[in-house]
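Listed here are the chains, written in short residue letters.
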Amino acid sequence: MNRWERKLLDAIQTKGRSPKRDRFMTAVSRAGDKGAVWLALTGALGVRRKTRKTSTALSLALALDAASCNLVLKPLTDRLRPCDRNPSVPLLVERPTDPSFPSGHTTAAFAVTTGLYKNGSKLWVPSLGLALLTATSRMYLYLHYPSDVVAGGLLGTFVGCMGTRLNEKCWNRKDRDGKGGRAA
């Protein structure tokens, strides 16, 4: 852990904590557990024909997120979490068992936010607010370093763009081939 990261996390723990904030940050973080809030939003958008294209872009972004974050980067870096390096800080949530880098909660949040923005959905504005709160909650709960959430935000933005780009290619092919049929 870098010195500035330790100082920031220590400042949050010593000066930023309160029972009310503890409950709020725990709730924000839990909404992102297993991508729950982002998967629910993606599914809800898939119900309406008007927003189905955005839903498929978000699905692709979340798949790219899961693969790059959980299957590649976390095992590759195998970074200990702040709570593992300093177990004296009491945790408000169950300790995650996977590595710290990058923050998966933050990656998913920014993947969906970017996908919403790139697909012209006005939902990107409240989504960005929740994404920033999610990133903050992960540090507040002493589960991630600042560099974990910054990397998660950058990776999420990248996979959100890539999910949208792949989605455009798929929808363009569908339109070109005529309602999803294969070209002869």
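For the structure itself, consult the block above.
Keep in mind that this is a model prediction, so the values were computed, not measured.

(A) Local environment of the layout of surface pockets. If you add up the space inside the largest pocket, you get close to 660 Å³. Secondary structure elements with two or more residues in the lining of the largest pocket: helix H2 (19-31), helix H4 (52-77) and helix H6 (104-118). Counting residues per element, the lining of the largest pocket draws most heavily on H4, which supplies 5 residues. Split into classes, the residues belonging to the lining of the largest pocket amount to 7 nonpolar, 8 polar and 10 charged.

(B) Fine view of the state of the cysteines. In the structure shown here, the tally under the stated rule is 0 disulfides. The thiol sulfur of Cys69 is not disulfide-bonded, and the nearest other cysteine sulfur, from Cys83, lies at 16 Å. Taking the relative accessible area as the measure of exposure, Cys69 reaches 0% and is therefore buried. Of the cysteine sulfurs around Cys161, a residue in no disulfide, the closest is that of Cys170, at 16 Å.

(C) Representation of the nonpolar core in the model. Formed by 14 residues in total, the largest nonpolar core has its most connected members in Leu9, Met139, Tyr140, Leu141, Tyr142 and Leu143. For this core, the elements supplying multiple residues, two or more each, are helix H1 (3-16) and helix H7 (124-140). Of the residues forming this core, the biggest block, 3 residues, is contributed by H7. Beyond its immediate stretch of four places on either side in the chain, Tyr140 contacts Ile12, Gln13, Gly16, Arg17, Ser18, Arg21, Asp22, Met25 and Leu92. Membership of the second largest hydrophobic core comes to 10 residues, among which are Leu58, Ala109, Leu116 and Ala131.

Cut-offs applied
- Residues numbered from 1 in each chain as written.
- Predicted model: local features only at pLDDT ≥ 70, side-chain atom pairs only at ≥ 80, totals over all residues.
- Heavy atoms only, no water.
- 1 Å grid on protein atoms, 1.4 Å probe; cavity = no way out; pocket = protein on both sides within 12 Å on 5 of 7 lines; lining within 4 Å.
- Points joined across faces, edges and corners; volume = space filled by probe spheres on them.
- Helix = DSSP H or I, 4+ residues; strand = E, 2+ residues; numbered from the N terminus.
- Nonpolar A, V, L, I, M, F, W, Y, C, P; charged D, E, K, R; others polar.
- Disulfide = S-S within 2.5 Å.
- Buried < 20%, exposed > 50% of the residue type's maximum accessible area, 1.4 Å probe, protein only.
- Core = buried A, V, L, I, M, F, W, Y, C linked by side-chain atoms within 4.5 Å.
- Contact = heavy atoms within 4.5 Å.

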